[in-house]
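Observations on the model geometry
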Amino acid sequence: MKDAVLIKGNQHGLSVVIEPDTPFQDVKEAVRRKMSAGRQFFGNAQVTLTFEGKSLEQKEKEELLGVIQENSQLEIICLVDEDERRLAEKMLFLKAAQKEADESGAIFYNKTLRSGQELETDRGVVILGDVNNGAKISAGGNVVVLGNLKGFVHAGTRYPDKAFVVALHMQPMQIRIGQVMGRSPDSGGMEKTGYDPKIAFVEDDRIVIEQITNTIYKELGL
Amino acid sequence: MSEAIVITSGKGGVGKTTTSANLGTGLAILGKKVVLLDADIGLRNLDVVLGLENRIVYNLIDVIEGNCKLKNALIKDKKHPGLFLLPAAQTRDKDAISPEQMMELITTLKKDFDYVLIDCPAGIEQGFKNAIAGADKAIIVTTPEVSAIRDADRIIGLLEANEIKDARLIVNRIRMDMVKRGDMMSIEDVVEILAIDLIGVVPDDEQIVISTNTGDPIVNSQNILSGRAYLNICKRITGDDVPYLDLNAETGLFRRLKSLIGFNN
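Residues numbered from 1 in each chain as written. Chains lettered and ligands numbered in written order. Predicted model: local features only at pLDDT ≥ 70, side-chain atom pairs only at ≥ 80, totals over all residues. Heavy atoms only, no water.

1. Thoughts on the sheet that holds strand β6 (residues 137-142) of chain B
Residues and elements named next belong to chain B. Taken in spatial order, the 8 strands make up an open sheet running β3-β4-β2-β5-β1-β6-β7-β8, and their pairing is mixed. On the outer flanks of this sheet lie β3 (75-76) and β8 (197-203), each paired with one strand and no other. By the bridge criterion, 5 bridges tie strand β2 (residues 34-38) to strand β5 (residues 115-119) in an arrangement that is parallel. Bridge pairing in β5 links valine 35 to valine 116. (Pairing = 2+ DSSP bridges. Helix = DSSP H or I, 4+ residues; strand = E, 2+ residues; numbered from the N terminus.)

2. Brief notes about the packing of aromatic side chains
Residue and element names in this part refer to chain B. Scanning the entire structure with this criterion turns up 1 aromatic pair over all chains. For the ring pair phenylalanine 84 and phenylalanine 113, a centre distance of 5.6 Å and an interplane angle of 70° mean the geometry is edge-to-face. Of this pair, phenylalanine 84 sits in strand β4 (residues 83-86) while phenylalanine 113 sits in the loop between α5 (99-112) and β5, and the two are 29 residues apart along the sequence. We note that phenylalanine 84, like phenylalanine 113, is buried. The ring of phenylalanine 113 carries lysine 33 above its face, with NZ or CZ at 4.7 Å from the centroid. The aromatic ring of tyrosine 244 is capped on one face by arginine 236, whose charged end is 3.9 Å from the ring centroid. (Phe/Tyr/Trp six-rings, centres within 6.5 Å; stacked < 30°, edge-to-face > 60°. Buried < 20%, exposed > 50% of the residue type's maximum accessible area, 1.4 Å probe, protein only. Lys NZ or Arg CZ within 6 Å of the ring centre and 35° of its normal.)

3. Regarding the pairing of strand β1 (residues 3-8) of chain B
Side-chain direction in a regular strand flips from residue to residue, so the side chains alternate between the two faces of the sheet. All names here are of chain B. Buried residues dominate β1, accounting for 6 of its 6 residues. Of the two faces of β1, the one lined by Glu3, Ile5 and Ile7 and the one lined by Ala4, Val6 and Thr8 are each fully buried. Inspection of the sheet shows β1 paired to β5 by 5 bridges, in the parallel sense. Its bridge partner lying in β5, isoleucine 7 is registered against aspartate 119.

4. As for the nonpolar core
Residue and element names in this part refer to chain B. With 57 residues, the main nonpolar core has Leu37, Leu86, Leu109 and Ile118 as its most contacted residues. In terms of residues, this core owes the most to one element, helix α7 (residues 146-161), which gives 6 residues. Ignoring anything within four residues of it in the chain, the contact list for leucine 86 reads Val35, Leu36, Leu37, Asp38, Asn59, Leu60, Val63, Leu70, Ala73, Leu74, Leu105 and Leu109. Counting 35 residues, the second-largest nonpolar core is a separate cluster that includes Leu85, Leu117, Ala148 and Leu231. (Core = buried A, V, L, I, M, F, W, Y, C linked by side-chain atoms within 4.5 Å. Contact = heavy atoms within 4.5 Å.)

5. Some thoughts on the sheet that holds strand β4 (residues 75-79) of chain A
Residue and element names in this part refer to chain A. Read from one edge to the other, the open sheet built from 4 strands follows the order β1-β2-β3-β4, with strand pairing classed as mixed. Each edge of the open sheet carries a strand with a single partner, namely β1 (5-9) and β4. Taking each pair of neighbouring strands and ignoring which way they run, the sheet shows an average axis angle of 30°. In terms of strand pairing, strand β3 (residues 46-52) meets β4 through 4 bridges, oriented parallel. If you follow glutamine 46 over to β4, its bridge partner there is glutamate 75. With respect to the sheet, helix α1 (residues 24-37) is in contact with β1 and β2 (13-18), its orientation differing from that of β1 by roughly 45°. (Axes fitted to C-alpha atoms, helices over the stretch in contact; angles between N-to-C directions.)

Structure below.
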């Protein structure tokens, strides 16, 4: 016969995997047995608790929680359901990325900035989306746009030295780095689409836009 | 489950009212119970496009101010028994109502209708705020022109800020001959810039001007390409995934030639 319950560890705590066809009383008994047997093993750690395999009523969850608390020294911080646990794991990845960005002084913005919207920060910024015409970014440090840059961008408001702007598609209406300003050519024509990554930086008090090559960052001493 | 959909664009003159009239009529053709709500107070013309101007007795403001019952202000369409219009007031302005009142009205209408379509005024001021107040979804109308697209982009941002996440795009007045010559933005270009889902494309067609002037929405004429385009959009609104029309098939001159020599496609 299959075990009525399995107790597994996951990243944040314990999962109680319930055999779906087992009557609740048996589940309860199995949990009691396993927890008291593993009392030493589990110790008094702080964990989250997830029930898997079978969806339980709130009352049943509370009963099982009671059984676990009676038969171990674990401190259950919270109950997490399966979907939430997956979400929590995803959040953790995001947080790690965010932390990295924080340490290097940049923030992430993972939406398209549309006309009339403005993003202002003292730090650098990475945009995961487009910056459309009529949108405005001003950043203390560098600006990286993983999408189309068509709006107004001001990089290096705080750290103008060696500030730069990178975009997958560089077609800003106006671009400012520190005190230096540039605007799009008057040639007009229709808006182009498609990616052609470029970098904008200041050289001899003028904005220069160049194709991104694998040596460019080195050449610029960035 | 009934839905309130606002039809908006930001820029004026791109075809919001024409689109509203055709989508309302089209949904009624598909057997839905529809109410068209003209939110363009002071500059009403949805009634004109539908050819119902002569039937107006009460209007939206009368309903909100309690001068009449809701059912007395609703005008039944000439052709389609499932289609009703709640006209705007012409003698007042946008400040005469509040978003809260609008929300209440739409909640009431949703009880009796499958679809509440709200014809939004141009701009982003009070009239726009009123029009989007009770909407669950939005349809953005734009033409393939830079100015219209800029405004549409602004509108999409404002809708997102107001928690209307389901916004879909109609590209209106496309001219495939111009697109081919590179003189007009293509549908793909427009969709790439605005980055929202497309729900339909309507070709530029002088027949629409004629139908607007005569108060008979083009969607009633299923032998005309633009009429079919509108009905397809209606089907997509109801969740039916119909393929896009081949707009290259018959454009401008070719169709005029055909109609000249008596072909009725």
